[in-house]
Amino acid sequence: MTNLTHKAQEVFAQDLYATQATGVVIESVEPRHARCSLMIEPTHRNAMGAVMGGVMFTLADLAFAAAANAELIMDNVQIAYVSLSSTIQYLAQPRGQQLLANATCVRQGRSTCVYQILITDELGNQVALITTTGMRAK
């Protein structure tokens, strides 16, 4: 585990909804890229037995936050990039027992950024594609 990944885990441990209530784990963080995972539990399913969209969105949102703020975390600067808007396309229900989110920078400027987050299951099935536009908060 890299030092940056460890720092990101410490910083985002304060995101109690994502990490404790939902169970998202930050697996790896590099500048402008992050990978998070989530083991699918019965509490993540809706009345039809499918994984709730909000669970996938929470996973993607934390992956975005870790990736967009990685360079700031590395320099011990307070988190600055927050989500301004997100678009999510649900592609399929996962067949496996784990969700994986890979957030990758499309563009990051001084005040705004755009990231794509691809969620797959551990079997490689594409589950959702999210595009998030972030802004640097003061």
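Rules of the game
- Residues numbered from 1 in each chain as written.
- Predicted model: local features only at pLDDT ≥ 70, side-chain atom pairs only at ≥ 80, totals over all residues.
- Heavy atoms only, no water.
- Helix = DSSP H or I, 4+ residues; strand = E, 2+ residues; numbered from the N terminus.
- Rg over C-alpha atoms; globule rule 2.2 N^0.38 Å.
- Buried < 20%, exposed > 50% of the residue type's maximum accessible area, 1.4 Å probe, protein only.
- Contact = heavy atoms within 4.5 Å.
- Pairing = 2+ DSSP bridges.
- Axes fitted to C-alpha atoms, helices over the stretch in contact; angles between N-to-C directions.
- Core = buried A, V, L, I, M, F, W, Y, C linked by side-chain atoms within 4.5 Å.
- Arc of directions from axis to C-beta.
- Phe/Tyr/Trp six-rings, centres within 6.5 Å; stacked < 30°, edge-to-face > 60°.

Participant: I keep staring at the overall build of the chain and nothing clicks. Help me out?
Facilitator: A tally of regular secondary structure across the chain gives four helices and six strands. Ordered by position in the sequence, the α and β elements of the chain form the string α-α-β-β-α-α-β-β-β-β. A compact globule built from 138 residues should have a C-alpha radius of gyration of about 14 Å, and the chain, at 14 Å, falls within 12% of that. The principal-axis extents of the C-alpha atoms in the chain amount to approximately 45 × 25 × 25 Å. Looking at the chain as a whole, 40% of its 138 residues are labelled buried. Of the contacts made within the chain by residues no fewer than 6 positions apart, 61% connect residues no fewer than 24 positions apart.

Participant: I'm lost on the sheet that holds strand 3 (residues 81–90) in this one. Help?
Facilitator: Pairing between the strands of a sheet comes from backbone hydrogen bonds, and it takes one of two forms, parallel or antiparallel. The strand order 1-2-4-5-6-3 describes an open sheet built from six strands, whose pairing is antiparallel. The two strands at the open ends of the sheet, each matched to only one other strand, are strand 1 (25–30) and strand 3. Geometrically, the sheet is characterised by an average inter-axis angle of 20° between neighbouring strands, direction not taken into account. In the sheet, strand 1 pairs with strand 2 (residues 33–39) via five bridges, with the strands oriented antiparallel. Within the sheet, the bridge partner assigned to I26 lies in strand 2 and is C36.

Participant: How should I be thinking about the nonpolar core in this particular structure?
Facilitator: One recurring pattern in soluble globular proteins: nonpolar side chains tend to sit buried together. In this structure, F12, V29, L59, L99, I117 and I119 are the most contacted members of the largest nonpolar core, which totals 38 residues. At the level of elements, helix 1 (3–12), strand 1, strand 2, helix 3 (53–68), helix 4 (70–74), strand 4 (98–108), strand 5 (112–121) and strand 6 (126–136) are the ones that each hand at least two residues to this core. By residue number, the principal contributor to this core is helix 3, which donates 11 residues. Excluding its chain neighbours within four sequence positions, the residues that come into contact with I117 are A60, A63, F64, A101, N102, A103, A128, L129, I130 and T132.

Participant: Is there a simple way to explain helix 1 in this structure?
Facilitator: Spacing of three or four residues puts side chains on the same side of an α-helix, whose turn is 3.6 residues. Considered for burial, the residues of helix 1 that qualify are L4, T5, K7, A8 and F12. For helix 1, the angular spread of buried residues about the axis comes to 160°, placing them on one side. For helix 1, the elements touching its buried residues are helix 2 (16–22), strand 1, helix 3 and helix 4.

Participant: Honestly, the packing of aromatic side chains in this entry has me stumped. Any pointers?
Facilitator: Two measures describe an aromatic ring pair: the distance that separates the ring centres and the angle between the ring planes. Under the definition given, this model contains one aromatic pair. A centroid spacing of 5.6 Å and a plane angle of 80° characterise the contact between F64 and Y115, whose relative ring orientation is edge-to-face. Of this pair, F64 sits in helix 3 while Y115 is found in strand 5, placing the two residues 51 residues apart along the sequence. A relative accessible area of 1% places F64 in the buried class. A residue is classified by how much of its surface remains accessible, and Y115, at 0% relative accessible area, is buried.

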